[in-house]
Amino acid sequence: MQEIFYEESVALHDEKPAKRRYTLFTVTAVLCIVFAVISFFTLMMGIPAEAQYIPSFIIWGIMFVAMVVCAVFLFIKRHSFYLSYDYTFVSGELRICKVLHNRKRKLLYRLSDDKLILIGRVDSETYKKLKASPDTKEDILTPNSEAEEDREFFYIQAATNVGKRILVLECRPQLLSTILRYTRRNILESEFNRR
């Protein structure tokens, strides 16, 4: 049997807001570290404290812990603004990954062809009906609000481990045609080609 491989990546169109947020989070995290160091040295100088200084000691301790937690959170979260997604189809299986700042890849979905229920365009009537359904949740798997020139927004309704999901992708039609070519049944929405 021949191995089928198709991969597509979608990244941010406009990186300026992401760069601003990244810089803001980095500067704020560094300031938190500075305040944590100041709090730590204040605590160390006040260790042989008398009973009257205990409330002050507790406040500086809480400030130290809060600044350390805040700095760690900001350093970790700053990369989440540079999002991209990879869609990979390998011999009957669709894999969707989230990539943070081109460093960390997280597998979100691994869907075999029997888990795929329906494929279509995001602006279709079928999509609107599916989105209104209370038992189906939507997951937007693109960092952009507008598609690139050669791409469109498509949806894939799939049965996942946590129930039915509508997965919104920004991809070329070639990805869908590759999926459709290697699935065992027709899962294309009825109004797909009316456009």
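In this text, all values refer to a predicted model and were calculated from it rather than measured experimentally.

A.B. asks: Can you walk me through the packing of helix H1 (residues 16–45) against helix H2 (residues 54–77) in this structure?
C.D. replies: Any two packed helices are characterised by how steeply their axes cross, that is the angle between the axes, and by the distance between the axes. H2 packs onto H1 with a crossing angle of 155 degrees between their chain directions and a minimal axis gap of 8 Å. Of the possible angle classes, the one that applies to H1 and H2 is roughly antiparallel. In this structure, H1 meets H2 at a crossing whose hand is left-handed. Contacts between H1 and H2 pair Phe25, Thr28, Ala29, Val30, Cys32, Ile33, Phe35, Ala36, Ser39, Phe40, Thr42 and Leu43 from the former with Phe57, Trp60, Gly61, Met63, Phe64, Met67, Val68, Cys70, Ala71, Leu74, Phe75 and Lys77 from the latter. A class-by-class count of the residues in the contact of H1 with H2 yields 19 nonpolar, 4 polar and 1 charged.

A.B. asks: Help me understand the nonpolar core, please; the structure alone is not making it clear to me.
C.D. replies: What tends to happen in soluble globular proteins is that the nonpolar side chains get buried as a cluster. The biggest cluster of nonpolar side chains holds 25 residues, and the ones touching the most others in it are Tyr87, Ile96, Leu141, Leu169, Leu175 and Ile179. Mapped by element, the contributors of at least two residues to this core are strand S1 (5–11), strand S2 (83–90), strand S3 (93–100), strand S4 (104–112), strand S5 (116–121), strand S7 (152–160), strand S8 (163–171) and helix H4 (173–181). For this core, the element with the highest residue contribution is S2, accounting for 4 residues. With near-sequence residues (within four places) excluded, Ile96 lies in contact with Asp86, Tyr87, Lys106, Leu107, Leu108, Tyr109, Leu141, Leu167 and Leu169. In terms of nonpolar packing, the next biggest core, distinct from the first, is built from 11 residues, Leu12, Ala18, Phe25 and Tyr82 among them.

A.B. asks: What should I look at first to understand a nonpolar patch on the surface in this one?
C.D. replies: The grouping of Val27, Val30, Leu31, Val34, Phe35 and Ile38 at the surface amounts to a nonpolar patch, some 490 Å² of accessible area in total. Note that Val30 resides in helix H1. Val30 gets classed as partly exposed once you look at its relative accessible area, which sits at 41%.

The rules behind these values
- Residues numbered from 1 in each chain as written.
- Predicted model: local features only at pLDDT ≥ 70, side-chain atom pairs only at ≥ 80, totals over all residues.
- Heavy atoms only, no water.
- Axes fitted to C-alpha atoms, helices over the stretch in contact; angles between N-to-C directions.
- Helix = DSSP H or I, 4+ residues; strand = E, 2+ residues; numbered from the N terminus.
- Parallel < 35°, antiparallel > 145°, perpendicular 65-115°, else oblique.
- Left-handed = near helix turned anticlockwise from the far one by under 90°.
- Contact = heavy atoms within 4.5 Å.
- Nonpolar A, V, L, I, M, F, W, Y, C, P; charged D, E, K, R; others polar.
- Core = buried A, V, L, I, M, F, W, Y, C linked by side-chain atoms within 4.5 Å.
- Buried < 20%, exposed > 50% of the residue type's maximum accessible area, 1.4 Å probe, protein only.
- Patch = residues over 30% accessible without salt bridge, like charges linked within 9 Å, V, L, I, M, F, W, Y side chains within 5 Å.
- Areas by Shrake-Rupley, 256 points an atom, 1.4 Å probe, with all protein chains shown as cover.
- Salt bridge = Lys/Arg side-chain N within 4 Å of Asp/Glu carboxyl O.

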